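Chain by chain, the residues:
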Amino acid sequence: GREQIEALPSAITRLGIKGISNLITAFTMRMVFNAKTKEVKELMSALWLHSRDVSGICAVMAKKLKGFDTDKAMLAGLIHDIGTIPILTHADKHPNLMDNKRDVQHTLEKLTPVLGKMVLEKWNFTEDFIELALNAENWDHKTDEPANYTDLVIVAQLLSYRNTPLQDQYPEPTSIPAYQRLTKLLKYPSDSIDVLENSQEELAGIRQLFN
């Protein structure tokens, strides 16, 4: 703005209560990704890094799209796998559960969406956040409605796997319905939501923000 902000009430007024709320939730999320045992700590760390990267991609994409809020998009990326936390927290208290990695992975895949829904309902998140917790890994997610934050998270996740060892295990982002829906909402039709190519500096800034 034109005037320098020197007091908290002025900052809150400028950013808005909703924006402040989203930012506070985003930064406090870091404390949830915590564990004591070595195996669970490694999984928690990997989950945090994935959530952080997806969050940054969501935020940068949101700037290019009509009807999306950047702070809300950032928060959506951070909480999309929140259902994993109760499972890993339980395993952290019962280390013997980590002996069979395949069973742990199966449990995570099966229960993460269900527990994510329960956690976000308990925390009084809005319906659109609850929906994305349920469908964040539903790559073929189809709807006649315009693109929403679920689509944003789906595409951001697939983009986050690009140029990594995981890339071949997942669909190409441009091939899924969510990508096509988001593209229809670009502010500038000549632009692209594939932000990895031309927004590396901005993405690095967001990653640093959460470190």
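Residues numbered from 1 in each chain as written. Predicted model: local features only at pLDDT ≥ 70, side-chain atom pairs only at ≥ 80, totals over all residues. Heavy atoms only, no water.

Digging into unusual backbone geometry
What counts, and what does not: Every helix listed is a DSSP run of H or I at least four residues long, and every strand listed is a run of E at least two residues long, numbered separately from the N terminus.
Of note in the backbone geometry, Asn124 takes a positive phi value of approximately 60° without being a glycine. Within the secondary structure layout, Asn124 lies in the loop between α6 (101-122) and α7 (127-135).

With respect to the layout of surface pockets
We count it as follows: For each structure, a 1 Å grid was placed over the protein atoms alone; sets of points admitting a 1.4 Å probe that cannot get out are labelled cavities, open sets with protein on both sides within 12 Å along at least five of seven lines are labelled pockets, and lining residues have an atom within 4 Å of a point. Grid points are joined across faces, edges and corners, and a volume is the space filled by probe spheres set on the points. Under the scheme applied, nonpolar residues are Ala, Val, Leu, Ile, Met, Phe, Trp, Tyr, Cys and Pro; charged residues are Asp, Glu, Lys and Arg; polar residues are all the others, including Gly.
Of the pockets and cavities examined, the largest pocket occupies roughly 740 Å³. Every residue lining the largest pocket is counted, 25 residues in all, and those nearest its centre are His50, Asp81, Gln105, Tyr161 and Tyr170. Of all the secondary-structure elements, those providing two or more residues to the lining of the largest pocket are α3 (38-64), α5 (84-93), α6 and α8 (149-160). Considering every element that reaches the lining of the largest pocket, the biggest residue donor is α3, with six residues. Taken together, the residues of the lining of the largest pocket break down into twelve nonpolar, nine polar and four charged.

Points about the packing of α7 against α8
This is how it is decided: To get an axis, fit a line to the C-alpha atoms, keeping to the stretch in contact for a helix; angles then go from 0 to 180 degrees between the N-to-C directions. Here a crossing is called left-handed whenever its near helix is offset anticlockwise from the far helix by less than a right angle, and right-handed whenever the offset is clockwise. We call two residues contacting when some pair of their heavy atoms lies within 4.5 Å.
Where α7 meets α8, the closest approach of the two axes is 8 Å, and the angle between their N-to-C directions is 35°. Crossing of α7 against α8: the hand is right-handed. Judged by residue contacts, Asp128, Glu131, Leu132 and Asn135 of α7 engage Tyr149, Thr150, Val153 and Ile154 from α8. Along the lines of polarity and charge, the residues of the contact of α7 with α8 split into four nonpolar, two polar and two charged.

Here we look at the confidence of the model for the protein
The cut-off we apply is this: Confidence scores labelled pLDDT are given residue by residue by the predictor and lie between 0 and 100.
The predicted model of the protein averages 88 in pLDDT, with 99% of residues at 70 or higher. Mean pLDDT across the elements of the protein bottoms out in helix α2 (residues 17-28) (73) and peaks in α8 (97).

Digging into the packing of aromatic side chains
Selection criterion: Each Phe, Tyr or Trp ring (for Trp, its six-membered ring) is paired with any other whose centre lies within 6.5 Å, and the angle between the two planes then decides the class: stacked below 30 degrees, edge-to-face above 60, tilted in between. Under the scheme applied here, a residue whose accessible area is under 20% of the maximum for its type counts as buried, over 50% as exposed, and between as partly exposed, the area being computed with a 1.4 Å probe on protein chains only.
Evaluated as defined, the whole model comprises six aromatic pairs. Centre to centre, the rings of Phe68 and Tyr149 are 4.9 Å apart; their planes meet at 65°, and the pair counts as edge-to-face. Taken as a pair, Phe68 in the loop between α3 and α4 (70-79) and Tyr149 in helix α8 lie far apart in primary sequence, 81 residues in all. A residue is classified by how much of its surface remains accessible, and Tyr149, at 9% relative accessible area, is buried. Taking 4.2 Å as the distance between ring centres and 15° as the angle between the ring planes, the aromatic pair formed by Tyr161 and Tyr170 counts as stacked. An aromatic cluster is present here, built from Trp123, Phe125 and Phe129 joined pairwise through their rings.

A word on α4
Applied cut-off: Polar contact is defined as a pair of N or O atoms within 3.5 Å, subject to the rule that within protein one atom must be able to donate a hydrogen and the other to accept it, and that residues adjacent in sequence are counted only when both atoms are side-chain atoms.
Here α4 lies mainly inside the structure; eight of its ten residues are buried. If you check which residues of α4 are buried, you get Lys72, Ala73, Met74, Leu75, Ala76, Gly77, Leu78 and Ile79. Looking at the packing, one finds that the buried side of α4 touches α2, α3, α6, α7, α8 and α10 (200-210). Two to three positions downstream of the cap, the backbone nitrogen of Asp71 sits 3.2 Å from a side-chain oxygen, assigning the N-cap of α4 to Asp69.

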